[in-house]
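What follows is the residue order along each chain.
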Amino acid sequence: ADASQVDFAVVAAHQAFTNGWASATPAQRSFALHRLGNVMEARREDLVKAIITDTACADALARSMDVSRSITALRYYADAVSVASDEASFTPTQDGAGAQSFSRRKPLGVVGILSGATLPLYSAVSKLAPALASGNTVVLKPSEYSPSAAVLLAQCAHESGMKPGILNVVHGYGPRAAGAALAAHPGIDALALVGRPHTALALRDAAPNSRAREVFELGGKSIAMVCADADFGKSLAGVFKAVFFNAGQICGSPDLVFVERVIYAKFIAAMRAASARLQLAPMISPAHRDRVLTHIRFARDQGATLLAGGAAPKFGDERDNGYFLQATIMTGGETAVFALDQEVFGPFCHVVPFD
C-alpha cells in the first residue's frame, strides 16, 4: 500500500468509528468480538496453515502459541469490556462539603497497529482486541515477512458480520510504504508497534509532529538464572527450551544465562551436548539471520568464546537454500561483549558464571 491507500483505510476506519462502533454498547462490541472468535475457531486450520507457510514455525507452535492464544485473547477482551464500568467516588473535603469524582472510559478513535513477524496472528490480535473492545477502529499493517494471517483475520471479520471499516488491513515494504504512511497520517489517534527499536525511531522520523499516543513493544533483554541448589535436570530443560524455542524468535527468549559457578562447567557441557542434536526452525528472513551472525562475529571479536553453533547448518538438500542457523552457545568476554545489553532474537545464548 502507498500513502493514498493508507489514507483510504484510515478514512474508512474513521467513518466506522463515528457511524456506530464508538457508540455501540459494551455488550454489542463484546458480541461482535465473540462472533469473530467463532469464525476464527471454524477457520483454525486455515490460520495454522497460513502461519506455517509464512514463518516455517513448528505446527504445535502455530496452533497453541499463535492461533489458540489469539482466540483466547480476543475472548478475554470481549468479556472484559462487557463488565467494565465507569467509576464514581466521594472524597471528604476540608470544608466538609465533600467532592464527587467521576472516571469515564471513552475510545480514542482510529488505532494504527504494526505487528511483528513471528507469532504474526497473536502479535496483531494482542493489540487490536483491546482496541476494538474499547470502541476504537483499527488499521493493521502486518509484517511483510508474514502477512497471510492478517489477510485471513480480515476475512474472518467480514464473515462474522463485522461492519466494514472497523478492522482494516494494509500491506507494504520499506520505509516509504504503508508503515510510515500510517504513522504520519493525521487521522491516527494511537499507534501500536511490535518490533525493533530502530523501527520505532523510523516511525517517529516519519511523523515528528504526530499527536498519536504511542504503544511501542520493542523487545528487551531477557535473562535466565540457575542457582546450584536448583533441580539440575529441570533447570537445564527449562533454559534450553526457553533459549531455542522457535529458534529464539520469541520476545521472552533469554539470550543471557547466568549459572552459579559451582555447576557452570557441568551446565555448559550439557547444553553443548543437547544443542548438537537440535533441529531448529529457520529465521524469519535472510536479513535477520545475517543480523544474528553479525552479533556472533562481534561477540567473538570482543573476546567471547564460541562453544557450539555459530553458523548456518549444511543439510545437503534444498534446506540449504533456507535461512537456518545452528543453536549457538557462547561464553567469556563478559566485560566487553555486545551480548550483554542487546537482544539477539535468535537461537543464541551467552552463558555467564556467577558466585
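Residues numbered from 1 in each chain as written. Predicted model: local features only at pLDDT ≥ 70, side-chain atom pairs only at ≥ 80, totals over all residues. Heavy atoms only, no water.

> What exactly am I supposed to notice about the overall build of the chain here?
Secondary structure assignment for the chain yields eleven helices and twelve strands. Overall, the C-alpha framework of the chain stretches about 65 × 60 × 40 Å when taken along its three principal axes. Each of the 355 residues in the chain was classed as buried or not, and the buried ones make up 47%. By sequence separation, contacts in the chain at least 24 residues apart represent 73% of the contacts at least 6 residues apart. Summed over all atoms, the accessible surface of the chain reaches about 17,300 Å², with 55% contributed by carbon and sulfur. With 32 positive and 31 negative side-chain charges, the chain shows a spacing of 2 Å between the two charge centroids. (Helix = DSSP H or I, 4+ residues; strand = E, 2+ residues; numbered from the N terminus. Buried < 20%, exposed > 50% of the residue type's maximum accessible area, 1.4 Å probe, protein only. Contact = heavy atoms within 4.5 Å. Areas by Shrake-Rupley, 256 points an atom, 1.4 Å probe, with all protein chains shown as cover. Lys, Arg positive; Asp, Glu negative; His and termini not counted. Charge placed at Lys NZ, Arg CZ, Asp CG, Glu CD.)

> Could you clarify how one ought to interpret empty space enclosed by the protein in this entry?
Think of a ball as big as a water molecule: rolled over the atoms, this probe shows where empty space is left. Overall, the coordinates contain three cavities of 30 Å³ or more when judged by the stated rule. Put simply, the largest cavity is a space of about 60 Å³. In terms of lining, the largest cavity is formed by Ala 183, Leu 191, Leu 203, Arg 204, Ala 207, Ser 210, Ala 212, Glu 214 and Phe 216. For the lining of the largest cavity, the secondary structure elements donating two or more residues are helix 8 (197-206) and strand 7 (213-217). Here the residues of the lining of the largest cavity sort into six nonpolar, one polar and two charged. (1 Å grid on protein atoms, 1.4 Å probe; cavity = no way out; pocket = protein on both sides within 12 Å on 5 of 7 lines; lining within 4 Å. Points joined across faces, edges and corners; volume = space filled by probe spheres on them. Nonpolar A, V, L, I, M, F, W, Y, C, P; charged D, E, K, R; others polar.)

> Before we go on, may I ask you to explain the environment of Ile 71 in this structure?
By the secondary structure assignment, Ile 71 is in helix 4 (residues 59-83). In this structure Ile 71 comes out as buried when scored by relative accessible area, which is 3%. Between the alpha carbons of Ile 71 and Gly 179 there is a distance of 25 Å; along the sequence they are 108 residues apart. In contact with Ile 71, other than residues within four places in its own chain, are Gly 37, Met 40, Glu 41 and Arg 44.

> What should I look at first to understand the sheet that holds strand 10 (residues 305-308) in this one?
Think of a sheet as strands paired side by side through backbone hydrogen bonds, with each pair either parallel or antiparallel. The five strands are arranged 8-9-12-11-10 in an open sheet whose pairing can be described as mixed. One side of each edge strand has no neighbouring strand; the edge strands of this open sheet are strand 8 (223-226) and strand 10. On average, each strand axis in the sheet is tilted by 25° relative to the strand beside it, whichever way the strands run. Where strand 10 and strand 11 (residues 328-331) come together, three bridges link them in antiparallel fashion. Bridge assignment links Thr 305 to a residue of strand 11, and that residue is Thr 331. In this fold helix 11 (residues 286-301) packs onto strand 10, strand 11 and strand 12 (348-354), with an angle of close to 20° to the strand it touches most, strand 11. (Pairing = 2+ DSSP bridges. Axes fitted to C-alpha atoms, helices over the stretch in contact; angles between N-to-C directions.)

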